[in-house]
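Understanding the architecture of this molecule
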Amino acid sequence: MNYKKMNSIFEETNFIMKKYNIKANKSLGQNFLISEDVIDGIVDSADIDGEDLIIEIGPGLGTLTKRLLEKAGKVICVELDEKMIKILRDRFAFYNNLEILNQDILKTNLKQIIKDEKNTGKIKRAKVVANLPYYITTPIIMKLLEEELDLESITVMIQKEVADRLIAIPGEKNTGAITYTVYYYAKSEKIMEVPNSSFIPEPEVTSEVIRLNIRKEPPVNVNDINLMFKVIKNAFMQRRKTLLNSLFNTKIFKSKNQGMEVLKNIGLKENVRAEELSLEKFAELTEVLLQLNEE
């Protein structure tokens, strides 16, 4: 960690916070990044050029925003905190490639925004780059993926524990229901771990930068994608139970006998657990269920 670099951003951040009488808002999950090495890592791994639209979620004081503006064709910041909006407008008043939206990201029509920007002819690719608020990381990631936005990649810093679950390969140790969603929509990679000393105030957890490269084609084909994700979600609702019991208890299987037949049909043992299945096996399971529903 280059503390000389970090100190310059630390001093700049302290100056801005004092000037605007700002304190980190815990309810909005605000922790201000003060490490230039980490900022370098985020920006470099996002691979940004002048034909990129960057959507930054929760820019806060604009520490990362500054670097994004220097690299991207356009940056759209989506910020909920009105105090931060004033700082961003003051700080970047002379940049002509910045748009600031005072909105809740979960209610923002990103599909229309990306479409409009691409229609200008100046933007070729859209990417999300952000230090996400940790308390709503999962809903944001799910929105970005499930809305099937015209994105090339998502480069975000989030809590390490969550990051490890997001980028795990289905069937590995850290697998959860969201692992399968991420794997379906994107190829993921770990960029770097970020110690809590890289922020003020220091969060209680270690952070991690990850990049999700959006797939052009899904890794599996199923006739009812909503049913597959419903099966996966229900399979993980009772992690300590077997897959058979979890899907019977949540009424995916009409009976245990039906469940045993389905599992046998796709070559799985009765005592298998959800986290042992690959996405391909969940796809097979879904297709068998669809056939049963048609009978």
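See above for the structure.
Figured I'd write up the structure that's included with this text.

Thresholds, definitions, all that
Residues numbered from 1 in each chain as written. Predicted model: local features only at pLDDT ≥ 70, side-chain atom pairs only at ≥ 80, totals over all residues. Heavy atoms only, no water. Pairing = 2+ DSSP bridges. Helix = DSSP H or I, 4+ residues; strand = E, 2+ residues; numbered from the N terminus. Axes fitted to C-alpha atoms, helices over the stretch in contact; angles between N-to-C directions. Right-handed = clockwise from strand over helix to strand, strands pointing away. Buried < 20%, exposed > 50% of the residue type's maximum accessible area, 1.4 Å probe, protein only. Arc of directions from axis to C-beta.

Remarks on the sheet that holds strand β4 (residues 98–101)
- Spatial ordering of the open sheet is given by β4-β3-β2-β5-β6-β9-β7, a layout of seven strands whose pairing is mixed. Edge positions in the sheet fall to β4 and β7 (186–194), since each of these pairs with one other strand and no more. Shown here is a sheet whose adjacent strand axes are inclined to one another by a mean of 20 degrees, direction ignored.
- As paired elements, strand β2 (residues 52–57) and strand β3 (residues 74–78) share five bridges and run parallel to each other. Within β3, the residue paired with isoleucine 54 across the bridge is valine 75.

Re the pairing of β4
- Inspection of the sheet shows β3 paired to β4 by four bridges, in the parallel sense. Residue pairing in the sheet places valine 75 in a bridge with leucine 98 of β4.
- Running through helix α4 (residues 82–91), the crossover from β3 to the neighbouring parallel element β4 is right-handed.

Here's the deal with α4
- Of all the positions in α4, only Met84, Ile85, Ile87 and Leu88 are classed as buried. Projected onto a plane normal to the axis of α4, the buried residues spread over an arc of 165 degrees and lie on a single side. Away from the buried face of α4 by more than 90 degrees, exposed residues Glu82 and Lys83 are located.

Re the pairing of strand β9 (residues 207–214)
- Most of β9 is tucked away, with six of its eight residues classed as buried.
- Taken together, the eight bridges between β7 and β9 define a ladder with antiparallel strand orientation. The partner of lysine 190 across the bridge, within β9, is isoleucine 210.

From the geometry alone we can't say anything about function, so treat these as descriptive.
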